[in-house]
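Residue-level listing of the chains:
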Amino acid sequence: MKNSLKLVLAVVLCVFLAGVAGFADEYILGIGFTIFMYIALAQSWVVLSGLTGYISLGHVVFFGSGAYVFILIWGLVPVWLGVFCSGIVVGLVSLIVGYPVLRVRGPYFVILSFGLAELVKNLVLINEARMYVSMRPVFGAPALYQLYTAMLLLAIIATGLTYWIRRSRFGAGLRSIREDEEAAETIGVPVAKLKLLAFAISGVIPAMVGAIFIMRSGIFQSGDAFTPIVSFTMVTMAIIGGSDDAPGPFLGVVFLVLLQELLWVNWPEVYMIILGILLLGFVLFIPNGIYGWLSEKYFGNKKNVT
Amino acid sequence: MSPSFLKISNLSVAYEQVYALRDFSCNVEEGRITALVGSNGAGKTTFLRTLSGLLEAKQGVIEFDNADITYLPSHKRVEAGLTMVPEGRLIFPDFTVEQNLKIGAVSKRALGQVEDSLENSYKIFPKLDQRRHQLGGTLSGGEQQMLALARGMMACPRLLMLDEPTLGLAPLISDAIFEMVVHLKQIGITILIVEQDVNRTLQIADNAYVLENGVSIMEGTAREILTDPKVRESYMGI
């Protein structure tokens, strides 16, 4: 497909999805909200983990921290400014936290990222307990169609960001880190700087997603806001879809959320089993994900060749 | 031909408490090939890794072009014109030949002339031109070494440091690599080469240092060292 045609199709799709907000029922809006949420999350995950190979199993830390920052300033600032601020605050903090965290590689980084999310969860828990708060309700949140539209916007931005970074020199630098970090360093790629930047960028959107999410759930509770399930779900979606380029997470999320709805309605008892088998199958047989497989099969090019 | 092109004074490098290089001083003259020879574990690779900023010096000073670069991070050294072609080639296997080359021009200085450099690389290494859309990992060992050299050249280096460029290559391919090194010198690149193939390295080098257990035991022109009976006995088995 020609690039301009792709762009036109994407714009038409986005306008259509935004238009749906006006008349669709709660159920459709709810599914749309979930799909957009995971697209935004999985795309952000790809910026760090897909491109650099630093697999984060604790990406919920950004989601939860964003939600927490948002609930703390809830009522003090206008709603959407609050969402924006939570993204900025989390992005800035991750520039500091990322510095020591990204010095660790491979499996150690995977474990550390997971541990970091648990650590922050418990810090928030302790802090809340000290203030005698067990949960914080969100009163007067915007209507679902507004949250739907905001999430759609984040999904579009996240997808565009991944698409653009993947094709930029910045993205080439990130991928050279994934290929061979030492070689990248030797030839002059400023690896420490690039990794840190990718870490912060991949945290900003999940933080805003977290803020919007608690307006939908109506409540902030640190156990829920930092649940590892969110981390695992976005990783699963990115891997099943393909974690090297923007179309991957998009396909993975749509596939999984729809499958989830289908299974949930018809076979709730085997739902988790089927998901597990799927992930296993993809990792073993289609490691490049749906997108990688499609582009190899139908466009005759290997995943990494542009 | 200023003598202070690259000047290393009393350099010591250690892994924890174990010294891999001790009180080593050397000079690399502009436009020449300087060789560092010695057996396994002599400290050669340690030396190059320290020069390119992957390891930190414990003591000593590294001056490049009269500027102290001892504690400069890797990418700033590349920016200044110091480029290393690492041991074992370390090309990016899932990047195409062309992507491998392009990422070699990552520094600001090299980025401006990336198209010229690319054309130039293909002229010097016609094999790479034929394979420009092939993945790096599918090249043969010799071709990968050529690619690593070309990628190093993409950074527009003033000093190219080669770490064991013929390691694991067939003799004929090694010959081609050595010829290429001489060619690079002829087009004006200063070269610092580290090799186990003492005999052939000294034949193409201008100056040389012999390292043993992290200490320099001999230095001079390559010709002097090549004809030294002790060197011939311990490194060439003659």
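For clarity, every value in this text was computed on a predicted model and none was experimentally measured.

Draft legend 1. Representation of a nonpolar patch on the surface in the model. A surface patch of nonpolar side chains, amounting to about 650 Å² of accessible area, comprises Leu 81, Phe 84, Ile 88, Leu 92, Leu 95, Ile 96 and Leu 197 of chain A. Residue placement: Leu 81 of chain A occurs in helix α4 (residues 79–101).

Draft legend 2. Representation of the sheet that holds strand β4 (residues 59–64) of chain B within the structure. Residues and elements named next belong to chain B. Pairing in this open sheet of 4 strands is antiparallel, and the strands run β2-β1-β4-β5 from one edge to the other. Across the chains shown, the open sheet's two edge strands, defined by having one partner strand only, are β2 (18–28) and β5 (67–68). Sitting on the sheet, helix α1 (residues 44–51) is in contact with β1 (6–15), β2 and β4, with an inclination near 115° to β1.

Draft legend 3. Local environment of the environment of Leu 194 of chain A. All names here are of chain A. Secondary-structure assignment places Leu 194 in helix α9 (residues 191–217). Distance in space between the C-alpha atoms of Leu 194 and Thr 52 is 9.3 Å, their sequence separation being 142 residues. If we ignore the near neighbours within four places in the chain, the residues touching Leu 194 are Phe 170, Gly 173, Leu 174, Ile 177 and Val 189.

Draft legend 4. The arrangement of the pattern of salt bridges in detail. Residue and element names in this part refer to chain A. Applying the stated criterion across every chain, the model contains 18 salt bridges over all chains. Arg 136 is the salt-bridge partner of Glu 128, the closest N and O atoms lying 2.8 Å from each other. Here the two residues Glu 128 and Arg 136 agree in accessibility, since each one is buried. Where Lys 195 meets Glu 181, a salt bridge forms, and the shortest distance between an N and an O atom there is 2.9 Å. In this pair, Lys 195 is assigned in helix α9 and Glu 181 in helix α8 (residues 181–186), connecting sequence segments 14 residues apart. By relative accessible area, Lys 195 is classed as buried at 7%.

Draft legend 5. Here's a closer look at the domain arrangement of chain B. All names here are of chain B. For chain B, the domain assignment lists domain 1 (1–81 + 159–238) and domain 2 (92–157). Inter-centroid distance (C-alpha atoms) of domain 1 to domain 2 is 23 Å. Contacts between the two partners involve 17 residues from domain 1 and, on the opposite side, 14 residues from domain 2. The tally of links from domain 1 across to domain 2 stands at 0 salt bridges. Joining domain 1 to domain 2, the criterion identifies 3 residue pairs in polar contact (both at pLDDT 80 or more). Taken together, the elements giving at least two residues each to the side of domain 1 that touches domain 2 come down to α2 (74–80), β7 (159–163) and α8 (171–186). Split into classes, the residues belonging to the side of domain 1 that touches domain 2 amount to 14 nonpolar, 2 polar and 1 charged.

Draft legend 6. Main features of the interface of chain A and chain B. Between chain A and chain B, the contact holds 20 residues from the first and 22 residues from the second. In total, chain A and chain B occlude about 2,000 Å² of area from one another, counting both sides; carbon and sulfur atoms represent 64% of this. For the pair chain A and chain B, the number of links is 1 salt bridge. Taking the shortest distance from any N to any O, the salt bridge between Arg 49 of chain B and Glu 182 of chain A comes out at 2.6 Å. Taken together, the links from chain A to chain B amount to 3 residue pairs in polar contact (both at pLDDT 80 or more). Those elements that provide at least two residues to the side of chain A that touches chain B are α7 (169–179) and α8 of chain A. Counting residues per element, the side of chain A that touches chain B draws most heavily on α7 of chain A, at 6 residues. Of the residues contributing to the side of chain A that touches chain B, the split by class is 7 nonpolar, 6 polar and 7 charged.

Draft legend 7. Structural detail: the side chain of Ser 176 of chain A. Its location among the elements puts Ser 176 of chain A in helix α7. Not counting residues up to four positions away in its chain, the partners in contact with Ser 176 of chain A are Glu 181, Ala 184 and Val 189 of chain A together with Phe 92, Phe 95 and Ile 103 of chain B.

Draft legend 8. Up close: the nonpolar core. One finds Met 37, Leu 41, Met 151, Val 209, Ile 212, Phe 220 and Val 253 of chain A to be the most contacted residues of the largest nonpolar core, which totals 90 residues. Ranked by the residues each element gives to this core, the list is headed by helix α2 (residues 26–52) of chain A, at 16 residues. The next biggest cluster of nonpolar side chains, apart from the first, holds 48 residues, and it includes Val 97, Val 198, Leu 226 and Val 231 of chain B.

Draft legend 9. Inspection of the packing of aromatic side chains at higher detail. Summed over the entire model, instances satisfying the criterion amount to 12 aromatic pairs over all chains. Judged by centre distance (6.1 Å) and plane angle (10°), the rings of Phe 114 of chain A and Phe 232 of chain A are stacked. Here Phe 232 of chain A lies in helix α11 (residues 228–241) and Phe 114 of chain A lies in helix α5 (residues 106–130), a separation of 118 residues in the sequence. Judged by relative accessible area, which is 31%, Phe 114 of chain A ranks as partly exposed. On the basis of relative accessible area, Phe 232 of chain A is assigned to the partly exposed category, the value being 37%. What links up through ring pairs into an aromatic cluster is the set Phe 24, Phe 47 and Tyr 209 of chain B. In this structure, Arg 167 of chain A packs its charged tip against the face of Tyr 163 of chain A, placed 3.7 Å from the ring centre.

What counts, and where the lines are drawn
Residues numbered from 1 in each chain as written. Chains lettered and ligands numbered in written order. Predicted model: local features only at pLDDT ≥ 70, side-chain atom pairs only at ≥ 80, totals over all residues. Heavy atoms only, no water. Patch = residues over 30% accessible without salt bridge, like charges linked within 9 Å, V, L, I, M, F, W, Y side chains within 5 Å. Areas by Shrake-Rupley, 256 points an atom, 1.4 Å probe, with all protein chains shown as cover. Salt bridge = Lys/Arg side-chain N within 4 Å of Asp/Glu carboxyl O. Helix = DSSP H or I, 4+ residues; strand = E, 2+ residues; numbered from the N terminus. Pairing = 2+ DSSP bridges. Contact = heavy atoms within 4.5 Å. Axes fitted to C-alpha atoms, helices over the stretch in contact; angles between N-to-C directions. Buried < 20%, exposed > 50% of the residue type's maximum accessible area, 1.4 Å probe, protein only. Domains from an automatic or database assignment. Polar contact = N/O pair within 3.5 Å; in protein donor to acceptor, adjacent residues only side chain to side chain. Nonpolar A, V, L, I, M, F, W, Y, C, P; charged D, E, K, R; others polar. Buried area = accessible area lost by both parts, 1.4 Å probe. Core = buried A, V, L, I, M, F, W, Y, C linked by side-chain atoms within 4.5 Å. Phe/Tyr/Trp six-rings, centres within 6.5 Å; stacked < 30°, edge-to-face > 60°. Lys NZ or Arg CZ within 6 Å of the ring centre and 35° of its normal.

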